[in-house]
Protein chains: 2
Amino acid sequence: MTEHDTARTLAHPEAAEIRLEDVLHALSDPVRLSITRDLAVSAADLACSHFDLPVTKSTTTHHFRVLRESGVVRQTYRGTTKLNALRREELEALFPGLLDSVLTAAAAEEARLA
Amino acid sequence: MTEHDTARTLAHPEAAEIRLEDVLHALSDPVRLSITRDLAVSAADLACSHFDLPVTKSTTTHHFRVLRESGVVRQTYRGTTKLNALRREELEALFPGLLDSVLTAAAAEEARLA
DNA sequence: CCGCTCCTACGACGGCTCTCGTACGATGGT
DNA sequence: ACCATCGTACGAGAGCCGTCGTAGGAGCGG
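Residues numbered from 1 in each chain as written. Chains lettered and ligands numbered in written order. Predicted model: local features only at pLDDT ≥ 70, side-chain atom pairs only at ≥ 80, totals over all residues. Heavy atoms only, no water.

Visitor: Help me understand the protein's contact with DNA strand C, please; the structure alone is not making it clear to me.
Guide: The local shell around DNA strand C holds 23 residues, among which Thr 56, Ser 58, Thr 59 and His 63 of chain A together with Lys 82 of chain B are the closest. Those atoms of DNA strand C that come within 4 Å of the protein belong to sugar or phosphate at a rate of 71%. In the model, a phosphate oxygen of DNA strand C is placed 2.8 Å from a nitrogen or oxygen of the Thr 56 of chain A main chain. A distance of 3.0 Å is found between a phosphate oxygen of DNA strand C and a backbone nitrogen or oxygen belonging to Ser 49 of chain B. Elements that contribute at least two residues to the surface near DNA strand C include exactly helix H3 (57-70) of chain A together with helix H3 (57-70) and strand E3 (81-86) of chain B. Counted by class, the surface near DNA strand C contains four nonpolar, 13 polar and six charged residues. (Near = heavy atom within 4 Å. Polar contact = N/O pair within 3.5 Å; in protein donor to acceptor, adjacent residues only side chain to side chain. Helix = DSSP H or I, 4+ residues; strand = E, 2+ residues; numbered from the N terminus. Nonpolar A, V, L, I, M, F, W, Y, C, P; charged D, E, K, R; others polar.)

Put into structure tokens, the structure is as follows:
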């Protein structure tokens, strides 16, 4: 290891390549929506292992890949852990208000069903 | 026919039964998003046959059912034709700003890719 | 009554999705 | 050097999804 940024890199779509349908599809899964909400309220990036999800690690990996490939999150390796961050600014520039309204809607629905 | 509202009725979810994940999933399909956009800019309700979609009638029926069962549209029979209307007020009450931001995002993406 | 149009039902097919288990690579600490 | 931890890859299975064709029901107009 020459540096600590020798980390493997992950394929992310450019902002211009992000497709609305893919974002909506990514957010239409309960597990992924939950991940997205957790990221939204967290100040710092979160490691995959920080999430308490009702699925196995294999499935968790799958969901994070869907979120990354759809452009919802950006992932970077940091040692053995992988950090996740919402691509807020980019999504806001592409689809103004969309992410916020989905997050608000998710919170409203949770409150409504509780 | 005793009246012209002898029309068969269709099962719609109550407002309280509408689930965010179902709405997002409904809107994540290009055909259904296109239908939704057309309904949004139309003053009156639109018959299924008014849409020029790249799929057969069978598939069109399927997509309208997904939209109806997810709570995005309300469908009523009017003679032989079936009229479709967005459930704007109900969706706005449940998920404020969501539909508008999706519609705006779809328009933005269309402009961006053109 | 007959036909026309609009839409539906059903079955089918290919493909994608969500899920898992097991086995493995990569990193960092001891 | 070793091992523990974190995440990945791969294969597999069950189920859903989008698509179609064909056949048929419901209503309208003649």
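Visitor: What exactly am I supposed to notice about the sheet that holds strand E2 (residues 73-78) of chain A here?
Guide: Residues and elements named next belong to chain A. Across the sheet, three strands lie side by side as E1-E3-E2; this open sheet has antiparallel pairing. Edge strands, defined here as strands with exactly one partner in the open sheet, are strand E1 (46-47) and E2. The sheet contact formed by E2 and strand E3 (residues 81-86) spans six bridges and is antiparallel. Counted as the bridge partner of Gln 75 is Asn 84 from E3. Sheet strands touched by helix H2 (residues 30-41): E1, E2 and E3. Its angle to E3, the strand with the most contacts, is close to 80°. Across the sheet, H3 is in contact with E2 and E3; its angle to E2 comes to roughly 120°. (Pairing = 2+ DSSP bridges. Contact = heavy atoms within 4.5 Å. Axes fitted to C-alpha atoms, helices over the stretch in contact; angles between N-to-C directions.)

Visitor: Teacher, can you tell me more about the protein's contact with DNA strand D here?
Guide: For DNA strand D, the set of nearby residues contains 22 residues, the closest of which are Thr 61 and Lys 82 of chain A together with Arg 32, Thr 56 and His 63 of chain B. Expressed as a percentage, the sugar and phosphate content of the atoms of DNA strand D within 4 Å of the protein is 73%. Here a base nitrogen of DNA strand D and a side-chain polar atom of Ser 58 of chain A are 3.4 Å apart. Those elements that place two or more of their residues in the surface near DNA strand D are H3 and E3 of chain A together with H3 of chain B. When its residues are assigned to classes, the surface near DNA strand D shows four nonpolar, 12 polar and six charged.

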